[in-house]
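If you want the building blocks of each chain, they are given just below.
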Amino acid sequence: MTVKVIKDEIAAKLALKNMYKLLMEQIGLLLSDQERKFVNELQAFCIDYEPKIDMSKDVYVNFPALGSHGYIQRLNQWKEFTDAGCKYEMLLGINLAMMDPELDLARLASGILCGNPTFQHGGTPELAKVQDELMSGKKIGCISMTEPNHGSDTVNMEAHVTKLDDGYKFDGTKIFTTNGPKADYFIGYGCVDNAQPRQTMVQAMLSRDMGITTERITIPVVPRVHIGKTYYNGLKCPNSMVTGQPGIGYNNLFDGLVPERLAIVGSSLGIAWSALLTGVIYSSMREQFGKPIMSYQAVSFPFADLCIRLSSATITAFRIAEIYDAKILKAHKKDIPEATWKASAQWSSQIKQLCAKLSHEICYETQQLMGGVSVTDNTRVAQAKGVSDIQEVIGGSRGVQTLILAGNLSKLIKGI
Ligand SMILES: Cc1cc2nc3c(=O)[nH]c(=O)nc-3n(C[C@H](O)[C@H](O)[C@H](O)COP(=O)(O)OP(=O)(O)OC[C@H]3O[C@@H](n4cnc5c(N)ncnc54)[C@H](O)[C@@H]3O)c2cc1C
């Protein structure tokens, strides 16, 4: 039960509808009429739905409600939900993360990390069924890529795949599988020859009933999301569930990382806007020494600095999403120049790194500017801060994002 720390009139001003109003004042100009309509409907849904969320329960009970509105993901068109693409997905992530960042994390793992391969590499009736089950929120998905001994170095995985007449047998152990302990479906990876991952990596949609077991890992900052250790116990996967045959699985892994990272950007931005706007509203009403604390430059100037950086990051993120939509997602695959793929890998990596780190900094700094109330459950900041703790490490840690950029920089000299 929440013990009241905050004044009622300040709590009332922190209503989600006010947060969204201020958000739209900041980002509204960056949206087309169609995107604005999408966001208005999404925000109306969230304002109505937020009081129905039971924070003492795991997030998964909310999946069907998201699914019925096409809000498990918006990277790809599914059924009548045609407002789709990377920018729509970012807008979805921003608004859902402002409502409930743990729910947003879990739905992103299910809808994007697990669901996207069904759009990009599907084509069988079995995969179409999985797609419908995931997108409707009736089933839960995850991606099981990272292994205990291979995190950043995930390509050199130990999970082994054996070719059978009608599919593949998977053996191996994965770790940090977001949603894993609750999941019905697992995008899985393994190699036919582990010494040759580039040529032999397989990607497949594995289901729990094929022979997967899981254990939950305790991750205190996201108590309502289950993250686990996943065991492929010699499971047999039929060809109809394979999304990347040997070698193609490797390409799929890397192509998938770009939209995955851009989707994580949406969550990071939502977390950051949530904390910042909460801080600004609260500080404009909280009085000390007879004045609102916002009237002290020690409070208002740092907020202004954070806002400059967050607005700039948001504008950049949207532009990258628009370019990804036009030049990759909605382009004919065979017409996409190599340079575009490379740029998308670099841009998604750099904006993911920037926004993930910024979300954490904004949550922490906002807490220092707001004072004690911000670490309680009286505002959204403490939960946002918790999820911001993991934004950098999910989707590839800081060192790996930096490695990608450093690698590109060191090759620049060859071009002159
Ligand atoms: C909460 C959470 C959820 C996650 N969800 C999923 C999921 O759903 N599915 C999934 O498959 N994985 C998931 N992951 C795994 C995540 O992608 C990995 O944690 C991440 O890739 C880093 O791997 P690692 O933790 O093994 O760290 P390590 O690879 O051991 O890295 C440790 C440190 O060394 C640095 N480092 C490593 N190599 C280099 C290098 N070459 N150059 C510079 N620095 C380097 C890293 O940046 C990091 O700082 C999740 C992780 C967490 C914590």
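Residues numbered from 1 in each chain as written. Predicted model: local features only at pLDDT ≥ 70, side-chain atom pairs only at ≥ 80, totals over all residues. Heavy atoms only, no water.

This part is about helix α2 (residues 16-27). Relative to the 16 Å expected for 12 residues at 1.5 Å per residue, α2 spans 16 Å between its end C-alpha atoms, a close match to the ideal helical length. Every buried residue belonging to α2 is among Leu16, Met19, Tyr20, Leu23, Met24 and Ile27, and all of these are buried. Down the axis of α2, the buried set is contained in an arc of 135°. They therefore lie on one face. The outward face of α2, more than 90 degrees from its buried face, is lined by the exposed residues Lys21 and Glu25. (Helix = DSSP H or I, 4+ residues; strand = E, 2+ residues; numbered from the N terminus. Expected span 1.5 Å × (residues − 1). Buried < 20%, exposed > 50% of the residue type's maximum accessible area, 1.4 Å probe, protein only. Arc of directions from axis to C-beta.)

If you look at the biggest cluster of nonpolar residues, it comprises 122 residues, and the most contacted ones within it are Met99, Phe170, Leu206, Cys237, Leu269 and Trp273. Tallying contributions element by element places helix α10 (residues 248-285) first for this core, with 17 residues. (Core = buried A, V, L, I, M, F, W, Y, C linked by side-chain atoms within 4.5 Å.)

Close to the ligand lie 18 residues, the nearest being Thr146, Ser152, Phe176, Thr178 and Ser397. In this structure, Ser152 approaches the ligand through a side-chain N or O atom, which is 2.6 Å from an oxygen atom. Contacts to the ligand include Ser397, whose side-chain N or O atom sits 2.7 Å from an oxygen atom. At a threshold of 2 Å from the grid points, most atoms of the ligand map onto the largest pocket. Taken together, the elements giving at least two residues each to the shell around the ligand come down to β3 (167-178) and α14 (398-411). A per-element tally of the shell around the ligand places β3 first, with 3 residues. The residue inventory of the shell around the ligand, partitioned by class, reads 9 nonpolar, 9 polar and no charged. (Near = heavy atom within 4 Å. Polar contact = N/O pair within 3.5 Å; in protein donor to acceptor, adjacent residues only side chain to side chain. 1 Å grid on protein atoms, 1.4 Å probe; cavity = no way out; pocket = protein on both sides within 12 Å on 5 of 7 lines; lining within 4 Å. Sits in = over half its atoms within 2 Å of the grid points. Nonpolar A, V, L, I, M, F, W, Y, C, P; charged D, E, K, R; others polar.)

The next subject is the pattern of salt bridges. Applying the stated criterion across every chain yields a total of 23 salt bridges. Between Glu322 and Lys87 there is a salt bridge; the shortest N-O distance is 2.8 Å. Of this pair, Glu322 sits in helix α11 (residues 297-329) while Lys87 sits in helix α5 (residues 86-99), placing them 235 residues apart in sequence. We classify Glu322 as partly exposed; its relative accessible area is 28%. Given the relative accessible area of 2%, Lys87 is considered buried. Between Glu133 and Lys129 there is a salt bridge whose closest N-O contact spans 3.1 Å. (Salt bridge = Lys/Arg side-chain N within 4 Å of Asp/Glu carboxyl O.)

Before going further, it helps to examine the state of the cysteines. Inspection of every chain in the model, using the stated rule, returns 0 disulfides. Summary of cysteine pairing: Cys191 is not part of a disulfide, and the nearest cysteine sulfur, belonging to Cys237, is at 15 Å. Unpaired in this structure, Cys237 has its nearest cysteine sulfur neighbour in Cys114, at a distance of 12 Å. (Disulfide = S-S within 2.5 Å.)

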